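Listed below, chain by chain, are the residues.
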Amino acid sequence: MRRIVLMLLLIAGATNAFAADKLKVVTTIADLASLANEVGGDRVDAISIAKGYQDPHFVEPKPSFLLQLRSADLLIVVGLELEIGWLPPLLEQSRNDKIRQGARGYHDVSQGVEILDRPTGAVTRAMGDVHPLGNPHYWLDPANAVRIAIQIENRLAELRPADSKYFEQRLNAFKIKINDANKRWVAEMAPYRGAKIVTYHNSWPNFAKHFGLDVAGYVEPKPGVPPSPSHTFELINLMKAQHVKVICMEPYFDLKTPQSVAAQTGAKVVVLYPSVGGAKTGTNDYFQLFDTNIANLMKALK
Ligand SMILES: [Zn+2]
C-alpha cells in the first residue's frame, strides 16, 4: 500500500514538474513571438529567428537558429513563401520531428487571416516577385493580429491542455487591449483617410487598407526586385501627377533611391517599421510597433 502511494506521489511530482516547464515557441518573425507572448504569458518562452530590423524575405542562417529549432515544441510561421529562402534547410537540419511541416508543433498562421494581392493567374516566382501566393505582410493589420492570436491560443491549448484556461484568459485580455488600442489608432489616422503614399516594398497593403490609405506605387518595380532607373522615372512621374507627398520605407533598404525620388517630387521620406524590434526603441511589442509607425506617419502626412 505504502509503495503504491509513493509511486502515485512520484508520478504526480513528475507531472507537476513537466507542467511547470515553459512551452518553447520559435517563430520566424518577431511579431509572431510578440503575439505568442501576449497569449502564452509566463507559460511560454517565445523567440523569433528573424530580427525586426532584418528583411524577413532574406535572413542569413546561423548555427544558433538550429539550436533553437532543435529544442522547440512549436514553430509558428508566416507562410505564403515568406520564409522559403531560409527556413526549409534550417528545419531539415534541426531534425526536430515535433515541428516538421504537418506535425502538431508546426503552425502556419496564414491559413486563418485576411490575405491581400492573391494571384489570379499562374503562380510563379519568375522575375523575382517574392509574393507569389499573395501578400505575406498581413500581420500589419490589428484585425489580423487578433486572428493570429486566436490560432496561437488554439495551438497552445492543444499542446498544453492543462493551461488551456490560462491561455483563453490571456487571449480575451489581448482582444480587449488591442480593441482599445485600435480605436485610438483609427481615430488618430482618421484625418488622413484617402491620403496617397508610395512604399518602398509592398509591405503595407493590409495596414493601408485598415487605415484607409491609398498606396499609389512602389520604389521596387516588383516585390524583391531592386529599383531600376526606368521604374524610378515612371514613379517620379506618377507621384507628380497624383501629388503623392510621402514615401514610406522599411529600415533595411538603401535610402538613396527614396531620397532622390523625394528630392524630385517634393515628397518626404518616412521610415516605418514592418516588425517588432525594427528600431532600438519604441517597437518592443506589437502595440508599440503601431504607436511608433502611426506617430511617424502622421508627422509625415501633416
Ligand atoms: Zn515582401
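Preceding this paragraph is the structure being described.
Below is a summary of the structure that appears in this document. (Residues numbered from 1 in each chain as written. Predicted model: local features only at pLDDT ≥ 70, side-chain atom pairs only at ≥ 80, totals over all residues. Heavy atoms only, no water.)

## A closer look at empty space enclosed by the protein
Scanning all chains against the criterion turns up 1 cavity of 30 Å³ or more. Each pocket or cavity is described by its volume, and for the largest cavity that value is around 30 Å³. Around the largest cavity, the lining residues are Ile29, Ala30, Ala50, Lys51, Gly52, Gln54, Pro56 and Ser275. Class assignment for the residues of the lining of the largest cavity results in 4 nonpolar, 3 polar and 1 charged. (1 Å grid on protein atoms, 1.4 Å probe; cavity = no way out; pocket = protein on both sides within 12 Å on 5 of 7 lines; lining within 4 Å. Points joined across faces, edges and corners; volume = space filled by probe spheres on them. Nonpolar A, V, L, I, M, F, W, Y, C, P; charged D, E, K, R; others polar.)

## Details of the coordination of the zinc ion
Donor atoms from the polypeptide that coordinate the zinc ion comprise His57 (NE2), His131 (NE2), His137 (NE2) and His201 (NE2), at 2.0 Å from the metal. Geometry at the zinc ion is tetrahedral, judged from its 4 donor atoms and the angles of 103 to 113 degrees they form at the metal. Read from N- to C-terminus, the donor residues coordinating the zinc ion fall into the pattern H-x73-H-x5-H-x63-H. Exposure remark for His131: the relative accessible area of 8% places this residue in the buried category. For His137, a relative accessible area of 1% translates into the label buried. (Donors = N, O, S within 2.8 Å, 3.2 Å for Na, K, Ca; no water. Tetrahedral: all angles 85-135°; square planar, octahedral: opposite > 155°, others 65-115°. Buried < 20%, exposed > 50% of the residue type's maximum accessible area, 1.4 Å probe, protein only.)

## Quick look at the pairing of strand 5 (residues 196–199)
One ladder, built from 4 bridges, connects strand 5 with strand 6 (residues 214–218); its direction is parallel. Counted as the bridge partner of Lys196 is Asp214 from strand 6. Where strand 5 meets strand 7 (residues 246–249), 2 bridges bridge the pair, whose relative direction is parallel. Across the sheet, the residue bridging to Thr199 is Cys248, located in strand 7. (Pairing = 2+ DSSP bridges. Helix = DSSP H or I, 4+ residues; strand = E, 2+ residues; numbered from the N terminus.)

## Observations regarding the layout of surface pockets
Size it by volume and the largest pocket reaches roughly 320 Å³. Forming the walls of the largest pocket are 17 residues, and the residues nearest its centre are Leu87, Pro88, Leu91, Gln101 and Tyr106. It is helix 4 (residues 87–94) that contributes the most residues to the lining of the largest pocket, 4 residues altogether. For the lining of the largest pocket, the residue count by class is 7 nonpolar, 3 polar and 7 charged.

## Thoughts on the packing of aromatic side chains
Overall, the coordinates contain 11 aromatic pairs when judged by the stated rule. Their ring planes at 35 degrees and their centres at 4.8 Å tell us that Tyr286 and Phe290 sit as a pair that is tilted. With Tyr286 and Phe290 both in helix 10 (residues 286–301) and 4 residues apart, this pair spans about one turn of that helix. Comparing Tyr286 with Phe290, the two get one shared label, buried. Put simply, the rings of Phe174, Trp185, Trp204, Phe207, Phe211, Tyr286, Phe287 and Phe290 touch in pairs and so form one group of aromatic residues. Over the ring of Tyr166 we find Arg43, and its NZ or CZ is 3.8 Å from the ring centre. (Phe/Tyr/Trp six-rings, centres within 6.5 Å; stacked < 30°, edge-to-face > 60°. Lys NZ or Arg CZ within 6 Å of the ring centre and 35° of its normal.)

## Remarks on the pattern of salt bridges
By the definition in use, this model includes 11 salt bridges. Between Glu38 and Lys177 there is a salt bridge; the shortest N-O distance is 3.4 Å. Note that Glu38 is positioned in helix 2 (residues 30–40) and Lys177 in helix 6 (residues 164–189), a separation of 139 residues in sequence. Using a relative accessible area of 12% as the deciding quantity, one classes Glu38 as buried. Here Asp42 ties to Arg43 by a salt bridge, and the two come within 3.2 Å at their closest N and O atoms. The network of salt bridges with shared partners includes Asp42, Arg43 and Asp163. (Salt bridge = Lys/Arg side-chain N within 4 Å of Asp/Glu carboxyl O.)

## Quick look at the sheet that holds strand 2 (residues 44–48)
With parallel pairing, the 4 strands of this open sheet are ordered in space as 2-1-3-4. On the outer flanks of this sheet lie strand 2 and strand 4 (106–108), each paired with one strand and no other. Taking the axes of each pair of neighbouring strands and ignoring which way they run, one obtains an average angle of 20 degrees across the sheet. In the sheet, strand 3 (residues 74–77) pairs with strand 4 via 3 bridges, with the strands oriented parallel. Within strand 4, the position partnered with Leu75 by the bridge is Tyr106. The strands that helix 2 touches are strand 1 (23–27), strand 2 and strand 3; relative to strand 2, the one it contacts most, it runs at about 170 degrees. (Axes fitted to C-alpha atoms, helices over the stretch in contact; angles between N-to-C directions. Contact = heavy atoms within 4.5 Å.)

These values are about where atoms sit, not about what they do.
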